[in-house]
Amino acid sequence: MEQNTQTDTVAVLDFGSQYSHLIVRRIRELGVYAELLPPETPAEKLSGYAAIILSGGPQNLSDNTNVRTSIRNTKVRNGNPSRALQADIKIYSLGVPILGVCYGMQLMAHQLGGEVKAGDKREYGPTKITVLTSELFAGLKPSQQTWMSHGDQVVKIPKGLKVTGKSGACPIAAIEDAKRRLYGIQFHPEVKHTEHGMKIVENFLKIVGAKKTWKLGKDWIEAQVAEIKARVGSARALCALSGGVDSTVAAYLVHRAIGKQLTCVYVDTGLMRQGETEQIKKTFSSLPQLDFKVVDARKEFLRALASVTEPEKKRKIIGKLFIRLFEKESRTLQVTGYKLPFQFLVQGTLYTDAVESSISVGGKAAVIKSHHNVGGLPKDVKFKLIEPLRELYKDEVRKLGKVLGVPEEITLRQPFPGPGLALRIIGAVTKEKLDMLRHAEAIFCEELILSGEVKRIQQYFAVLPDIRSVGVQGDARTYGRPIILRAVTTADLMTADWARIPHDLLAKISARITNEVSGINRVCYDITSKPPGTVEWE
């Protein structure tokens, strides 16, 4: 792999969008190196980059009228400083190509003298737009399916720019000044649900003229191995192994670096799916290269979660208990024959975990939910964390797993939250509810597999809400619980669409669940995309 230089690198300024890192990834997929930088990065530092992309973000410029100059001169409204972030205004004079995405387009227009207001109609999810002639849209038809996520919109463009795209609710959905190589788009080209998003990104890179010097693969693995080896030295590390693809790939990668200095620990929380713990024990006990241990903590987790209903509290309780159990296990192992202390904890944290917990380069991403291994961790963690996959996405990790020799049954395993079924039970967690949910989800999974539908669905599961409804079974009134089925198609879990499962199959699944699972008298199917929903319910 060639050495990347700034002149070959695209700088993505992170204004807190859930998709900021996804922009970086899309650019890298096209062979051009990109990196994420804080929004306040000065123009002087950005002047040597091949291009600049202004990401989206949760800010609203319609509430802020004085953000054109410097983030340090923030206007105060009603005693509170404006929260809208901005870029150094000098970047527009660098002569470097700039692409503003969503909030980034609004910010560009605003800082250059345009006007941004709250739209009469918000646009979230699939949106048709019409594009005009532009190098940015070269090779595309006038009508395009895109993915929007905005409330504000540009209502007046700056001098020198022109409109190159519009939607039904947003008359200014794309702008440009081709002479100065300034471009703005209100939609997100980086998400898979923008039909020709990669083509638009590719067109921008052609305008930029950056060299293709990046490739994720063996070179990346070797660099990570060297870094981990240097950091750990002669110390020992514990790996928080869940049995899923993320923690397993992390374990294989770290094992390649430090070998027998790594011990993998699986904590049986009692919150797993039907038959899963038994399968995990069988799979990992048969892998001689991994030092594998099991901790039975079912009683501890049920006791800690008793009467807890708030999802963020569940996550933090689970995250803290995991850490305390790993600390306890590390002490036990040291007493029973492991001479060196365990200083490091290996986790399979992905970028999707970090960004939804508001851990981003700019530190400005909105908290969607605290992941148990990120925002859910206690502050007094005694381990030093090793998270080699933190900058990657699920499908990238699957590819790395294949290169590392991870068994296919693991690399193809669908995502499952670290806190387990605790987050698929809305309300308090009990053994009765866990058994009910396990049984219903097992039926759902079995029918999807038997029908072949599972091949086109990336994630599928059941949710047990904290409500009851009246039903009729055997000519008698019932007052049971509903089960909500969720199935989505997605490439990276940053966006997702609900899977179109045939109605006849849904009817069969519903009949089996209501007949076979005691206490369930109603089945619902979730048809919400992400956004506005998340894949998981909690």
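Presented here is a report on the structure given in the accompanying data block.

Rules used in this analysis
- Residues numbered from 1 in each chain as written.
- Predicted model: local features only at pLDDT ≥ 70, side-chain atom pairs only at ≥ 80, totals over all residues.
- Heavy atoms only, no water.
- Helix = DSSP H or I, 4+ residues; strand = E, 2+ residues; numbered from the N terminus.
- Rg over C-alpha atoms; globule rule 2.2 N^0.38 Å.
- Buried < 20%, exposed > 50% of the residue type's maximum accessible area, 1.4 Å probe, protein only.
- Contact = heavy atoms within 4.5 Å.
- Areas by Shrake-Rupley, 256 points an atom, 1.4 Å probe, with all protein chains shown as cover.
- Lys, Arg positive; Asp, Glu negative; His and termini not counted.
- Charge placed at Lys NZ, Arg CZ, Asp CG, Glu CD.
- Pairing = 2+ DSSP bridges.
- Axes fitted to C-alpha atoms, helices over the stretch in contact; angles between N-to-C directions.
- Salt bridge = Lys/Arg side-chain N within 4 Å of Asp/Glu carboxyl O.
- Core = buried A, V, L, I, M, F, W, Y, C linked by side-chain atoms within 4.5 Å.
- Right-handed = clockwise from strand over helix to strand, strands pointing away.

1. Side note on the overall build of the protein
Phase 1 of the analysis: Scanning the protein from terminus to terminus reveals 14 helices and 21 strands.
Phase 2 of the analysis: For 538 residues, the compact-globule estimate of 2.2 N^0.38 gives 24 Å, and the protein sits close to it at 25 Å.
Phase 3 of the analysis: The principal-axis extents of the C-alpha atoms in the protein amount to approximately 65 × 65 × 50 Å.
Phase 4 of the analysis: When burial is assessed residue by residue, the protein has 58% of its 538 residues classed as buried.
Phase 5 of the analysis: By sequence separation, contacts in the protein at least 24 residues apart represent 74% of the contacts at least 6 residues apart.
Phase 6 of the analysis: Surface exposure of the protein reaches about 23200 Å², of which carbon and sulfur atoms provide 51%.
Phase 7 of the analysis: Within the protein, the 57 negative side-chain charges are centred at a point lying 2 Å from the centre of the 76 positive side-chain charges.

2. Looking at the environment of His 255
Phase 1 of the analysis: As for its placement among the helices and strands, His 255 is situated in helix α6 (residues 245–258).
Phase 2 of the analysis: The spatial distance from the C-alpha of His 255 to the C-alpha of Asp 291 is 9.6 Å, given a sequence separation of 36 residues.
Phase 3 of the analysis: Excluding its chain neighbours within four sequence positions, the residues that come into contact with His 255 are Leu 262, Gln 289 and Leu 290.

3. Points about the sheet that holds strand β14 (residues 291–296)
Phase 1 of the analysis: Taking strand neighbours across the sheet as the criterion, the 5 strands line up as β14-β13-β12-β15-β16 in an open arrangement whose pairing is parallel. Among the strands making up the open sheet, the edge pair consists of β14 and β16 (384–386). Going from strand to strand, the sheet's axes swing by 30 degrees on average, the running direction of each strand aside.
Phase 2 of the analysis: Of the pairings in the sheet, the one linking strand β15 (residues 342–346) to β16 comprises 3 bridges and is parallel in character. Each residue of the ladder has a partner; that of Phe 344, found in β16, is Lys 384.
Phase 3 of the analysis: In this fold helix α7 (residues 276–285) packs onto β13 (262–268) and β14, with an angle of close to 160 degrees to the strand it touches most, β14.

4. Structural notes on the environment of Arg 256
Phase 1 of the analysis: Along the chain, the position of Arg 256 falls in helix α6.
Phase 2 of the analysis: Residues Arg 256 and Val 131, 125 residues apart in the sequence, show an inter-C-alpha distance of 49 Å.
Phase 3 of the analysis: Setting aside anything within four residues of it in sequence, one finds Arg 256 in contact with Ile 221, Val 225, Val 403 and Leu 404.

5. Let's talk about the pattern of salt bridges
Side-chain pairs of opposite charge can arise whenever the charged atoms involved come near each other.
Phase 1 of the analysis: Following the criterion strictly, the structure yields 28 salt bridges and no others.
Phase 2 of the analysis: When the shortest N-O distance is used, the salt bridge between Glu 327 and Arg 324 registers 3.0 Å. In this pair, Glu 327 and Arg 324 both sit in helix α9 (residues 311–335), 3 residues apart, roughly one turn of the helix.
Phase 3 of the analysis: Owing to a relative accessible area of 22%, Arg 324 belongs among the partly exposed residues under this scheme.
Phase 4 of the analysis: A salt bridge links Asp 526 to Arg 486, with the shortest nitrogen-to-oxygen separation between them at 3.5 Å. With Asp 526 in the segment after β21 (520–525) and Arg 486 in strand β19 (residues 476–489), this residue pair connects regions lying 40 residues apart in the sequence.

6. Side note on the nonpolar core
Phase 1 of the analysis: Val 267, Phe 301, Phe 326, Leu 389, Ile 483, Ile 501 and Ile 513 are the most contacted members of the largest nonpolar core, which totals 89 residues.
Phase 2 of the analysis: When residues in this core are grouped by element, the largest group, 9 residues, is from α6.
Phase 3 of the analysis: Beyond its immediate chain neighbours, meaning those up to four positions away, Leu 389 contacts Trp 220, Asp 246, Val 249, Ala 250, Leu 253, Thr 349, Leu 350, Tyr 351 and Val 397.
Phase 4 of the analysis: Counting residues in each nonpolar core, the second largest holds 34 residues, with Leu 136, Leu 140, Phe 187 and Ile 200 among its members.

7. Describing the pairing of strand β1 (residues 9–13)
Phase 1 of the analysis: Counting buried residues in β1 gives 5 out of 5 residues, a clear majority hidden from the surface.
Phase 2 of the analysis: Of the pairings in the sheet, the one linking β1 to strand β2 (residues 33–37) comprises 5 bridges and is parallel in character. Each bridged residue has a counterpart across the sheet, and for Val 12 the counterpart in β2 is Leu 36.
Phase 3 of the analysis: The handedness of the β1 to β2 crossover, carried by helix α1 (residues 20–29), is right-handed.

8. Overview of unusual backbone geometry
Phase 1 of the analysis: The phi torsion at Ser 307 lies on the positive side, around 70 degrees, for a residue other than glycine.
Phase 2 of the analysis: Mapping Ser 307 onto the fold places it in the loop between α8 (298–305) and α9.
Phase 3 of the analysis: Even without being a glycine, Asp 475 presents a positive backbone phi close to 65 degrees.
Phase 4 of the analysis: Take Asp 475: it is sitting in the loop between β18 (469–473) and β19.

9. Let's talk about the sheet that holds strand β3 (residues 51–54)
Phase 1 of the analysis: Across the sheet, which stays open at both edges, the 9 strands sit in the order β2-β1-β3-β6-β11-β10-β9-β7-β8 with mixed pairing between neighbours. Of all strands in the sheet, those bounded by a partner on one side alone are β2 and β8 (143–156). Along the sheet, successive strands turn relative to each other by an average axial angle of 20 degrees, direction set aside.
Phase 2 of the analysis: Sheet strands touched by α1: β1, β2 and β3. Its angle to β2, the strand with the most contacts, is close to 165 degrees.
Phase 3 of the analysis: Helix α4 (residues 197–208) rests against β1, β3, β6 (98–101) and β11 (182–185) of the sheet, and its axis sits at about 145 degrees to β3.

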